[in-house]
Amino acid sequence: MSIRVEDLTVRYGEVTALDGLSVHIAAGEVTGLVGMNGAGKSTLFGAIMGSVPVASGRIGVDDEGPARARRRGAIGYVPQGEAIDSSFPVSVADVVMMGRYGHQGPIRRPRPADRRAVAEALARVELEDLARRPIGQLSGGQRRRAFVARGLAQGARTLLLDEPFAGVDKRSEALLVAVLRELAADGCTVLVSTHDLHALPDLARSAVLLRRRLLFHGPVAEALEPAMLARAFGLDPLAREEVAR
Amino acid sequence: MSPLDMLTEPLQYDFMLRALAATSLAAVVCALLSCWLVLIGWSLMGDAVSHAVLPGVVLSYALGLPFALGAIVFGLLAVVLIGAVRESRRVAEDAAIGIVFTTLFALGLVLISVTPSHTDLGHILFGSVLGVSRGDLVQIAVLAALVLALLLLRRRDLTLYAFDPTHARAIGLSPRRLGALLLGLLAVTAVVALQVVGVILVVAMLIIPGATARLLTDRFSRMLLIAPALSVAASALGILLSYWLDAASGGLIVLVQGGLYALVHVLAPRYGLLARHRARRGDGPAQPAGEGAADAQIDSVAERPSGTAVLEPTSDTSSASENSGPSRISSSAPTTMP
């Protein structure tokens, strides 16, 4: 149970977004994926989700190809806030039910087991009272909780979250951190991308610093040391030279 | 003459009954499809495909094949060509769409001008719903039933595709295949509707009903009821008006639909102009009370600055268009967050 990335390179035209990335994201802990905009965080997610063409290298999710893992419904994805049209006419329960589609027949008719899974997932993120509300009427934090509930209802053992704390209130953030840690303790692989560092020590045990290639992978405390962060965010002279080259 | 007579007199004629039946079928199918098109932001794509089928329809006519066959071939050809033009990254998607569909439409016009025919192929351009034959009606009914069945059976997957294509991937569905299904259905629907309002105005029936329903509900399942109901009512009224005014039926159908949209735009209970104006003045219907509203206020106080725009291209670079259409209705639908 893990995500194994070997020598992954992704290019958009002439721009290299990921350059020979090799990293092993372990199951059983929350891993933070840290880097500035353009460092390749979303690209790595896209490569795992199959929405970004891979130039070379390999990805394994739980020791199988990502496409197979997706067909099994093993990967849950929580999109960035701005990736979703928040005025889309669906209710919270509708969104969470989408997590059950892989468990249903071709026309996705919900069965009692599906409704139970949705209700449990909603209770776990404390949204049961808002189940029938259109997602456009939720706050940013509530909406993010709804998408995490979708991953819970899906029963995904690998969870990818893209900037889940951007524009989120404290209460939702604390709740999300608690749920994600529970999932990890339960043996899931949880990978959380963020460029917001203050939540990291609470949330994750280890961190991956990314800047088109792997800069660091290890305990959060070491990742947050100033010299390390300076490299990740391009503030040190060495890194500047690297960019100039 | 009483209003009832005005309604029943035209219905004594077989051609009027056939016209109403054909119009209602087309209205239902187009309206259902439009619910997804307006949400994905594919209005311009609807315009493009419905115009681009013209050469296919003319060729089918000349070769004695079913219209739908040529329409699907050229509808999909248009989509492939749009993708190819967009590949050169200097041409934006709306420009690519504009280049391809006008060119194919022009090819259709040229083919019409050189095709010897007994019937007036100009009817394809402007519709001839009052001249629909029994055979035409059967063809419309078969195609409409096909599209209707596929739309209703796959409606949850299509809605997921419109809402969050990445999650579709996450559960092993192919967003590209769902997009292709929708475009194929669009091409067939264009054939259903072109005999009613003509190629040029099909796009109105593919956009207006969904946009109108969007202003009236926050539930997609209700959009799927409201859009066809309004579209059938407006289209029937358009047909009757064309009988009494002796004016272009296709034009009147679309005119009534547009008028209805304008009414809803102003009067819709929650998202209409007046309701929003009242809400701004503070004497409108109160926002939903309860935990959510309270939460939302807490959020706005505790909110941290969110991330800046991400530079990485994250969308699927190969499929025709995912959530990148130019005319999203969403901007007119306000959220109730403070």
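(A) Seen up close, the overall build of chain A. The helix and strand tally for chain A stands at ten helices and nine strands. Relative to a compact globule of 245 residues, whose C-alpha radius of gyration would be 18 Å, chain A shows 18 Å and is just as compact. Sequence-distant contacts, at least 24 apart, represent 69% of the contacts inside chain A between residues at least 6 apart.

(B) Here's a closer look at the overall build of chain B. A count of helical and extended segments in chain B gives 16 helices and zero strands. A total of 338 residues make up chain B; the buried ones form 46% of that total.

(C) Summary view of the domain arrangement of chain A. Residues and elements named next belong to chain A. When cut into domains, chain A gives domain 1 (1-74 + 157-168 + 179-245) and domain 2 (81-154). Domain 1 puts seven residues into the contact, and the matching count from domain 2 is ten residues. When grouped by side-chain class, the residues that make up the side of domain 1 that touches domain 2 number five nonpolar, two polar and no charged.

(D) Spotlight on the packing of helix α5 (residues 67-87) of chain B against helix α6 (residues 93-114) of chain B. All names here are of chain B. Viewed as axis vectors pointing N to C, α5 and α6 meet at an angle of 140 degrees, and their least axial separation amounts to 9 Å. Between α5 and α6, the crossing angle belongs to the class labelled oblique. Our pair here, α5 against α6, has a crossing hand that is right-handed. Here Phe74, Ala78, Leu81, Ile82, Val85 and Arg86 of α5 lie close against α6, whose contacting residues are Glu93, Ala96, Ile97, Ile99, Val100, Phe101 and Leu104. Class assignment of the residues belonging to the contact of α5 with α6 gives a composition of eleven nonpolar, no polar and two charged.

(E) Structural detail: unusual backbone geometry. A positive phi angle is found at Asp62 of chain A, which is not glycine, with a value near 50 degrees. Counting through the fold element by element, Asp62 of chain A comes out in the loop between β4 (56-61) and α2 (66-71). Owing to 18 C-beta atoms within 10 Å, Asp62 of chain A belongs among the partly exposed residues under this scheme. With a phi angle near 50 degrees, Asp246 of chain B is a residue other than glycine that sits in the positive phi range. Within the secondary structure, Asp246 of chain B is located in the loop between α13 (220-245) and α14 (249-267).

(F) How the structure looks around helix α11 (residues 175-197) of chain B. Residue and element names in this part refer to chain B. The terminal C-alpha atoms of α11 lie 31 Å apart, and with 23 residues this matches the ideal 33 Å at 1.5 Å per residue to within 8%. At Val191, α11 shows its strongest bend, of approximately 25 degrees. In terms of burial, α11 is a largely internal element, 17 of the 23 residues being buried. Just beyond α11, the residue with positive phi is Gly198, at close to 90 degrees.

(G) Region of interest: the pairing of strand β2 (residues 15-26) of chain A. All names here are of chain A. Pairing of strand β1 (residues 2-12) with β2, which is carried by eight bridges, proceeds in the antiparallel orientation. Its bridge partner being in β2, Tyr12 is matched across the sheet by Val15. Between β1 and β2, which pair antiparallel and follow one another directly, the connecting turn spans two residues, one of which, Gly13, has a positive phi of 60 degrees.

(H) Quick look at the environment of Gly99 of chain A. All names here are of chain A. Within the secondary structure, Gly99 sits in the loop between α3 (92-98) and α4 (112-124). Classification of Gly99 as buried rests on a count of 26 C-beta atoms within 10 Å. With sequence-adjacent residues up to four places away left out, Gly99 is seen in contact with Arg150, Gly151, Ala153 and Gln154.

(I) Examining the sheet that holds strand β6 (residues 158-162) of chain A more closely. All names here are of chain A. Read from one edge to the other, the open sheet built from six strands follows the order β5-β6-β7-β3-β8-β9, with strand pairing classed as mixed. Of all the strands in the sheet, just β5 (75-78) and β9 (213-219) have a single pairing partner and so form its edges. Each strand axis lies, on average, 15 degrees off the axis of its neighbour in the sheet, ignoring direction. Pairing geometry for β6 and strand β7 (residues 189-194), over five bridges, is parallel. If you follow Asp162 over to β7, its bridge partner there is Ser193. Of the strands in this sheet, β3 (30-34), β5, β6, β7 and β8 (206-211) touch helix α1 (residues 41-49), which is tilted by about 145 degrees from β6.

(J) View of α4 of chain A. All names here are of chain A. With 13 residues, α4 ought to run about 18 Å at 1.5 Å a step, and its terminal C-alpha atoms sit 18 Å apart, in line with that. Residues of α4 that are buried: Ala117, Val118, Ala121 and Leu122. Down the axis of α4, the sector holding all buried residues measures 130 degrees, keeping them to one side. Exposed and oriented more than 90 degrees from the buried face of α4 are Pro112, Ala113 and Arg116.

(K) The arrangement of the confidence of the model for chain B in detail. Residue-level pLDDT values for chain B average 81, and 82% of them are 70 or greater. Scored below 50 in pLDDT, residues 284-338 of chain B shows 100 contacts in the model against residues more than four places distant or in partner chains.

(L) Examining the environment of Pro89 of chain A more closely. Looking at the element boundaries, Pro89 of chain A is found in the loop between β5 and α3. What makes Pro89 of chain A buried here is the crowd of 24 C-beta atoms within 10 Å. As a C-alpha pair, Pro89 of chain A and Gly136 of chain A span 47 residues in sequence and 7.7 Å in three-dimensional space. Ignoring sequence-local partners within four residues, the contact set of Pro89 of chain A consists of Pro134 of chain A together with Arg214, Thr217, Asp218, Arg219, Phe220 and Met223 of chain B.

(M) Up close: the sheet that holds β1 of chain A. All names here are of chain A. Taken together, the three strands give an open sheet; going across it, the order is β2-β1-β4, and neighbouring strands pair in antiparallel fashion. Two strands bound the open sheet, and with one partner strand each, they are β2 and β4. Each strand of the sheet is rotated relative to its neighbour by a mean of 15 degrees, with strand direction disregarded. Bridging between β1 and β4 involves five bridges; their strand directions are antiparallel. Bridge pairing in β4 places Arg4 opposite Gly60. Contacts from α1 reach β1, β2 and β4, with the element oriented near 110 degrees to β1.

Here is what the cut-offs are and how they apply
- Residues numbered from 1 in each chain as written.
- Chains lettered and ligands numbered in written order.
- Predicted model: local features only at pLDDT ≥ 70, side-chain atom pairs only at ≥ 80, totals over all residues.
- Helix = DSSP H or I, 4+ residues; strand = E, 2+ residues; numbered from the N terminus.
- Rg over C-alpha atoms; globule rule 2.2 N^0.38 Å.
- Contact = placed C-beta atoms within 7 Å.
- Buried ≥ 20, exposed ≤ 12 C-beta atoms within 10 Å, placed from the backbone.
- Domains from an automatic or database assignment.
- Nonpolar A, V, L, I, M, F, W, Y, C, P; charged D, E, K, R; others polar.
- Axes fitted to C-alpha atoms, helices over the stretch in contact; angles between N-to-C directions.
- Parallel < 35°, antiparallel > 145°, perpendicular 65-115°, else oblique.
- Left-handed = near helix turned anticlockwise from the far one by under 90°.
- Expected span 1.5 Å × (residues − 1).
- Bend = angle between axes of the 7 residues up to and from the residue.
- Pairing = 2+ DSSP bridges.
- Arc of directions from axis to C-beta.
- pLDDT = per-residue confidence, 0-100.

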